[in-house]
Every structure is written in C-alpha cells, then in structure tokens.
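Architecture at a glance
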Amino acid sequence: MTHQVPLYINGEFFESSSTKKTQVINPANQEVLAECPISTQKEMESAFETAKAAQKLWKDVPLPERARYFLKFQALIKKHQKEIAELLCKENGKIFADGMGDVWRGVEVVEHAANISSLMMGETVENVSRNIDTYSLQQPLGVCAGITPFNFPGMIPLWQYPMAIACGNSFILKPSERVPLSVMRIVELFHESGFPKGLLNVIHGGKESVDFLLEHPEVRTISFVGSVPVAKYIYQKGCENLKRVQAFAGAKNHMIVMPDANKDQTVSNLVGASCGAAGQRCMAISVAVLVGEAKKWIPEIQKGIANLKVGEWNQDEASLGPVITQQSKERIHSLIEQGVKEGATLLIDGRKVTPIGDAKGNYVGPSLFNNVTTEMSIYKEEIFGPVLCLMTADSLEEAIEIINNNPYGNGTSIFTSSGAAARKFQNKIDVGQVGINIPIPVPLPFFSFTGSRGSFFGDQHAYGKQAVKFYTQTKTITTRWFDDSMSAESNPNMTINLG
Ligand code: NAD
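Residues numbered from 1 in each chain as written. Predicted model: local features only at pLDDT ≥ 70, side-chain atom pairs only at ≥ 80, totals over all residues. Heavy atoms only, no water.

1. Comments concerning unusual backbone geometry
Defined as follows: The secondary structure listing takes helices from DSSP runs of H or I that are at least 4 residues long and strands from runs of E that are at least 2 residues long, numbered from the N terminus.
The residue Ala278 is not glycine, and still its phi comes out positive at about 55°. Turning to its location among the elements, Ala278 is positioned in the loop between α10 (263-275) and β13 (285-291). Positive phi, close to 55°, is recorded for Phe384, a residue that is not glycine. Of note, Phe384 is situated in the loop between α13 (377-380) and β16 (387-393).

What follows is the structure, encoded as structure tokens:
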C-alpha cells in the first residue's frame, strides 16, 4: 500500500479524509514514494481553529522558555540530518551532499530562532516630556502561514515557521506537494521537541489550499517562496485581503568574470554554481558575462561542464541529479531547442545525456550556450535546469548594465582580483544578494535574504534578521511617573506637554 502523507493538526499526524491526491515521485527513477492529499475544507478550518487557540496561550510563554524548545528542535534535526537528507534526495533528486546542505541551512535558522530574546527587544526613550518615558514592545500577530517550493524542502519551510513561532505566533504550513516527505519528517521532530499542540499545523494541496490561507480573514501573514507567476498572484491576492505578504520569486542570476580573476577557481565555481543541484536553485548562476580577455576561458568552462556526471543521489560520481518532473525536463528541452533556433551556439547539448546506470529518471545533462543575447528566450526565461548561457562584454560597466537591465534581482556575483572592480560592482549593482569571489552568496540568517526587483514582492524579508519585523507588530507605550514634586494640575489630561 502506498504511503499516505499525513496532515499535522492540533499536535496529531493523521490521514486526510480527502479522495483527491497527488503522487510524490522519485525523479531519479519514477518510483511512486507516496500520495499527498489535497486537504478538505473542514481539515483546513480545523488547522486554523487549532492554530488560533494555541497562539493565545503561546504568546504568553516567556521568551527564554520558547528558545529552549528551539534548542531541542535544533539538536534533533542535527541528530537526524543524514536520514532527513536521504529522504529529501529521494523525493527531490538532489545528490546527497546537496541534501545535507539543504537540511543544514535550515538548522541555522532554527539556531537563529533560539536566539529570539535579544531580537525581540523594543526601544526606550526616557523623558520624552517631563517625567514621561516612551517605550515600544514587539508583539506577535496571531496566526501566520507559509507556502513553500520543491527545490529546498529542508531549508525553506525552516526559513518560515521557526521565526514566526519564536516571535509568539502560531503557523500553518502548506509545503510543496511534490516533496512533502522530508518536510513532514522535520515536523515530526518539531513534535518530538515538545512544542505545545496546535502551534504548527501542516495542510497539503495546491491552489485551493493556498487560496484558503489567502482568503481567511484572520490569517495575518503569508510567506511565500516559489515561481514568479505564483508569487505575483499570492502577493496581489494577499494584499487585497489586507495581509502582510512576503513573496520570494524566481531569478536569473549572472556572474561577471573579469580577466584578472584566478582562472581555475573561477571556472570551477562557475561550473558548480550553474549545474549543481541540476540548476534548480533560485541562486544558481544561469548567465556568465565574460569581460574582455576572459572570453578566452570558454574552452575551460566547456571542459568543466562536459566532465559533470548525472545520476542518483547516492552515486558518488554524480555531480547532479534529475530535474523534478518529466514536464520540467520537457520544458528545458524545448528552451534549449528555442535557444538554437534563435541563434545561440549550443556548445554542450544536455538533451542526449546518459545517466550513470542508465536510470529512467528526468535527467537533463549539463548544457552550455555561447553567443547568447538579451533578446533570446534562454536569456529572458528562468530555465531552472542545468543550462549555462555565456555572454561577453567589453568592460565591467557594460556587464553591470546588462545585469541591471534584467528584470530579476535575486543574486549575482563577480570574480576578480581587483578591489576597485569589486567595489564598483557592489556599489552599482541593483541585485539583492551580491557575491564577490563567491558564486552563490546566500547569507546566514542573522542577515536577511534580500532578493529584489522582479525576484521579491513585499517590503520585509522574513528569513532572518528582518523576520521579527515581519512577524510582530510594534506597540508604543508612554508612561508618566508621578512623584511628590509634581503638582496635581500638571499634565491633567495625560497629554504629553511638548512645550
Ligand atoms: P511554484 O511556484 O510552482 O510552487 C510553489 C508553491 O506554490 C507550492 O507549494 C505550490 O503548491 C504552490 N502553487 C503552485 N501553483 C499555484 C497556484 N496557481 N496558486 C497558488 N499556489 C500555487 O514553485 P516551484 O516550482 O515549487 O519552485 C521553483 C521556483 O521557486 C523557481 O522559480 C525558483 O526560482 C523559486 N525559488 C525562489 C527562491 C527565492 O528565495 N527567491 C527560493 C527557492 C525557489
């Protein structure tokens, strides 16, 4: 009997009564791993009611006590990291090293949540008027919700619910229906950590479940990570329903290669950042802009990419696994075809790849295009596959202009040995996350994940530092301190005398 992915509501894991289900398929060999239900209306309503009730009690739990639950949760995820990574690799397709990294980046956020006390501090000003002080408190909002993508099942749900809950909220998570198994394993560890019932609830499904969260009048915040069309829909609908929304969206990340960079380091970083995790990272480098003489390095880049092998998560020689679905594979193939039709030079064609062991997965081999221009579909669209596009520029300024004219602004990087070039790049580039001699500059959670322009909709990035601002509201309190020297008439109306 096929494993049925459970719901998690009111501290219990149970099978949905829904008859509508989607399959969770191992993209490396098409094995059906489980069935994921589309939650019923009644189940979703019960998730909300339990979240609401749990939050009323949780908001008064002292901050250090909250932190202790997260310390336990963190220790349990660390203890089970390998087992979770294995599960995650089977449902997502990424190789084991990437799966371990995916879980680890989530652990870091849980550690950050355990440090919540110092982040919840308000502000105080003494003597705003005579004998009057003003101070502010950061207080939770209520029930918060999150919707997550398939490509980081370990890390991305953990970007969301630990910080929201640490701030004193409860949470409803709607993970990607394609990779719910590792998410649910981590939720089991959350449960084992002893958090009160109902604080975290997990519902499943697609658009219907998302709409339930977007339309529920008492869900206060929506955190979304996924593709651009869905991010726009969620941002617009969430705002229309007067919610706080942060929607992290797709990307087209460029790396500038300066001729003064260390060639071997640059080529190896570029190859890994473009094709690693089968190009299914929102921070993957999909375009390299070779400045001046750096265009002479194309043969080395080609050789590096040609050497990559595709295979299953546990095959040591594999550098990357399959893409998530058969449809994704077909879409990538058709974009490659389009690239050729539109005049780009296909140096490596990944459509004819033979994976290690000849497995029947959704494999796309690493692919390399040269002579790519900004009008081509392979440049304009997020391919989300192991396809690297090469362009050239005569100067750093020209390369920066190309990047700033691209509609996305998630990540970018420069490889150079010149401090002046690096300084100019960091100053002039209009992209959220910038790497200097680092190809995938995802910050640790004490900074914010800062996608910008077409890669982010919202005004607060609730991943790390700014999460407290997103998941709390500020209350400002003004206090007058009576003392014997004050006459009974002074400030009789309790207004602040600013004169
Ligand atoms: P997706 O947009 O297809 O799905 C994301 C979530 O939205 C899933 O939970 C899915 O069930 C739900 N969803 C799908 N269609 C919906 C609809 N019509 N209405 C409401 N909800 C819907 O994204 P994906 O394919 O799972 O993930 C890949 C995308 O995520 C890429 O574009 C990638 O760049 C992006 N991503 C961005 C970041 C970032 O931080 N900017 C991080 C990771 C992934």
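2. A word on the site of the ligand
Filter applied, for reference: A molecule or strand has a residue near it when one of that residue's heavy atoms lies within 4 Å. Two N or O atoms form a polar contact when they lie within 3.5 Å of each other; inside protein one atom must be a possible hydrogen donor and the other a possible acceptor, and for residues adjacent in sequence the pair counts only when both atoms belong to side chains. Three residue categories are used. Nonpolar comprises Ala, Val, Leu, Ile, Met, Phe, Trp, Tyr, Cys and Pro, charged comprises Asp, Glu, Lys and Arg, and polar comprises the others, including Gly.
Neighbouring the ligand are 28 residues; Lys174, Glu177, Ser227, Ala249 and Glu382 lie closest to it. Here an oxygen atom of the ligand sits 2.6 Å away from a polar atom, N or O, in the side chain of Ser227. Going through the elements one at a time, α6 (155-166), α8 (207-215) and β10 (219-225) are the ones with two or more residues in the shell around the ligand. A breakdown of the residues in the shell around the ligand according to their chemical character gives 15 nonpolar, eight polar and five charged.

3. A closer look at the pattern of salt bridges
Keep this limit in mind: When a carboxyl oxygen of Asp or Glu is within 4 Å of a side-chain nitrogen of Lys or Arg, the pair counts as a salt bridge. Burial classes: relative accessible area under 20% of the type maximum marks a residue as buried, over 50% as exposed, and values in between as partly exposed (1.4 Å probe, protein chains only).
Evaluation of the coordinates by the stated rule reveals 20 salt bridges. When the shortest N-O distance is used, the salt bridge between Lys59 and Asp60 registers 3.6 Å. For Lys59, a relative accessible area of 37% corresponds to the partly exposed category. Put simply, Asp98 and Arg281 hold a salt bridge, and the shortest N to O gap is 3.5 Å. In this pair, Asp98 is assigned in helix α4 (residues 96-114) and Arg281 in the loop between α10 and β13, connecting sequence segments 183 residues apart. Judged by its relative accessible area of 19%, Asp98 is buried. Members of the salt-bridge network, linked through shared partners, are Lys207, Asp211, Glu215 and Lys237.

4. Considerations on the nonpolar core
How we decide: Among buried residues, those of type Ala, Val, Leu, Ile, Met, Phe, Trp, Tyr and Cys that are joined through side-chain atoms within 4.5 Å constitute a nonpolar core. What makes two residues a contact is simply this: any of their non-hydrogen atoms within 4.5 Å.
Core analysis: the largest hydrophobic core is formed by 61 residues, its most contacted members being Phe73, Ile77, Tyr161 and Ile165. Among residues more than four places away in sequence, those in contact with Phe73 are Val110, Leu158, Tyr161, Ile186, Leu189, Phe190, Ser193 and Phe195. Listed in part, the 59 residues of the second largest apolar core include Val291, Trp297, Val372 and Ile429.

5. So, the sheet that holds strand β22 (residues 472-480)
Which entries qualify depends on this criterion: Any two strands between which DSSP finds at least two bridges are classified as paired. Comment: axis = line fitted to C-alpha atoms, over the contacting stretch for helices; angle = value between 0 and 180 degrees taken between N-to-C directions.
Spatially, the three strands line up as an open sheet ordered β5-β6-β22, and their pairing is antiparallel. In this open sheet, the two strands that pair with only one neighbour each are β5 (124-129) and β22. Going from strand to strand, the sheet's axes swing by 30° on average, the running direction of each strand aside.

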